[in-house]
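Next come the chains, spelled out residue by residue.
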Amino acid sequence: MIPNMNYRNLKDSYLFYNIAQKTKAYLEEHPEKHLYRMGIGDVSLPLCDAVIQKLHEAVEDQASQDTFHGYMPECGDPQLRKTIAAYYQKRGVVLSDEEVFVSSGASDELGDILDLFGKEKTVLIMEPAYPAYVDANVIAGNTIIHIPAGEENGFVPMPDFSIMADIIYICSPNNPTGAVFNREALQAWVDYANQINALILFDAAYEAFIEEEEIPHSIFEIDGARNCAIEICSLSKTAGFTGTRCGYTVIPKEIFRGGMNLNQMWVRNRTTKTNGVSYIIQKGASAVFSEEGQKQIHDYIQIYKKNGACLMDVLDRLGIWYCGGKNAPYIWMKCPNGMGSWEFFDYLLREIQVVGTPGEGFGACGEGYFRFSTFGSPEDTKEAARRLEVLLRKKKLITY
Ligand code: PLP
């Protein structure tokens, strides 16, 4: 038996391992110090009350024969699919319930969805990127074209019609850069995908953080997207489901490739490879979309937003280049004085005990940049921002 030899081509991800090693070593040497952890991609606030209440109710349902649920439909509870379709409708996106698939989260889907495409595909990944895009395609044996993003385009690259690809990843709001694709940029990518017959995988994990009216939350707000895009979404960051696990994937019925219908193929895939998301979790997830749930999750998001505002104020005052923060829980700053991203990481850890994420870990063009997450506690964020300002002013480390 020969296993999938593509695993040999995976690069070890040293990013979070190195961060953990460096912070551990620092704390061993300085046990009295408190670290200000501004690198975390996980949420810190709990599930909101509306969700907790529904989860409790669902547990009770499972205790009694009249309300007990066994296997759920593989593609999702019909009621939840309807609820999610109605959520899109509020923004003018019309979906049928059968176009919404309830999932256990975006990571699972980002990997599994490659089942639809067969072997030896060419995949376009804009970098810096969420590392799972690259790894899932290395495992699948696909050819990856890395499209570098940079300051010159605000970390929002535009399509190059001379490049051919089968699959295009777009993440907006973006992890790690926090940049968002506006309507024109998304339209250009949709037109390009339709022209070259490619498929867009649109990762909307951070859509709930968008605050500017004109920024699309969904690729399906763009003309032509129903012919070329799949949207993968998650309740992880929207509603604190990182440990509870629920998300959804939208596949329009219009998408045909090679005479095959991708929505139908995904129904076949799900009915073969999953037995659905648990009844209890789907009940809890349904509360996210209730009026009360929406209010509560947005109150929580506001707490993260205040963290972001606090960091952005400091960067603005210092005149440091950054993107993100406004429509995303991440701020992507340029390291001062031409420092490398690991150099800046070590410097902040040593001097002010602030831990962020070196941009280089998200692809080569992330070198020289640094990611702050806004998911930490408000107290730690305030103190980290204060320390950053004092340090960079004192050392006059603001010129590039
Ligand atoms: N997509 C992006 C861009 C993310 O940053 C993350 C998690 O950090 C995910 C997907 C995964 O989300 P989930 O928790 O639903 O698997």
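Up top is the structure.
In this text, all values refer to a predicted model and were calculated from it rather than measured experimentally.

A. Region of interest: the pairing of strand β6 (residues 199–203). In terms of burial, β6 is a largely internal element, 5 of the 5 residues being buried. Burial along β6 is two-sided: the residues L199, L201 and D203 and I200 and F202 are all buried. Examined bridge by bridge, strand β5 (residues 167–171) and β6 share 5 bridges and lie parallel to one another. Its bridge partner being in β6, I167 is matched across the sheet by L199. Crossover connection from β5 via helix α6 (residues 183–196) to parallel β6: handedness right-handed. Here β6 pairs with strand β7 (residues 229–234) via 4 bridges, running parallel.

B. Summary view of the sheet that holds strand β3 (residues 122–127). Within the open sheet, the 7 strands sit side by side as β2-β8-β7-β6-β5-β3-β4. Their pairing is mixed. Each end of this open sheet is capped by a strand with a single partner; those strands are β2 (100–103) and β4 (143–148). Between one strand and the next, the sheet's axes are offset by a mean angle of 20 degrees, whatever the strand orientation. Contacting β3, β4, β5 and β6, helix α5 (residues 131–140) crosses the sheet at an angle of about 160 degrees to β3. Set on the sheet, helix α8 (residues 262–273) makes contact with β2, β6 and β7; between it and β2 the angle comes to about 30 degrees.

C. Region of interest: the pairing of strand β15 (residues 369–373). Counting buried positions along β15 yields 5 of 5 residues, so the element is predominantly enclosed. Of the two faces of β15, the one lined by Y369, R371 and S373 and the one lined by F370 and F372 are each fully buried.

D. Region of the structure containing α8. A rise of 1.5 Å per residue sets the reference length of α8, with its 12 residues, at 16 Å; its end C-alpha atoms lie 16 Å apart and thus fit the reference within 8%. Within α8, burial applies to L262, N263, W266, N269 and R270. Viewed along the axis of α8, the buried residues span an arc of 115 degrees, placing them on a single side of the element. In α8, the exposed positions angled more than 90 degrees off the buried face are occupied by R268 and T272. Along its buried surface, α8 packs onto β2, α4 (106–112), β6, β7, β9 (256–257) and β10 (260–261). The N-capping residue of α8, defined by a side-chain oxygen 3.1 Å from the backbone nitrogen of N263, is N261.

E. Summary view of the site of the ligand. Around the ligand there are 15 residues in total, and A106, D203, Y206, S234 and S236 lie nearest to it. In this structure, an oxygen atom belonging to the ligand sits 2.6 Å away from a side-chain N or O atom of S236. Protein contacts shield 93% of the accessible area of the ligand, which totals 390 Å² for the unbound molecule. Judged by the fraction of its atoms near the pocket grid, the ligand is located in the second largest pocket. For the shell around the ligand, the secondary structure elements donating two or more residues are α4 and α7 (236–239).

Cut-offs used in this document
- Residues numbered from 1 in each chain as written.
- Predicted model: local features only at pLDDT ≥ 70, side-chain atom pairs only at ≥ 80, totals over all residues.
- Heavy atoms only, no water.
- Buried < 20%, exposed > 50% of the residue type's maximum accessible area, 1.4 Å probe, protein only.
- Helix = DSSP H or I, 4+ residues; strand = E, 2+ residues; numbered from the N terminus.
- Pairing = 2+ DSSP bridges.
- Right-handed = clockwise from strand over helix to strand, strands pointing away.
- Axes fitted to C-alpha atoms, helices over the stretch in contact; angles between N-to-C directions.
- Contact = heavy atoms within 4.5 Å.
- Expected span 1.5 Å × (residues − 1).
- Arc of directions from axis to C-beta.
- Polar contact = N/O pair within 3.5 Å; in protein donor to acceptor, adjacent residues only side chain to side chain.
- Near = heavy atom within 4 Å.
- Areas by Shrake-Rupley, 256 points an atom, 1.4 Å probe, with all protein chains shown as cover.
- 1 Å grid on protein atoms, 1.4 Å probe; cavity = no way out; pocket = protein on both sides within 12 Å on 5 of 7 lines; lining within 4 Å.
- Sits in = over half its atoms within 2 Å of the grid points.

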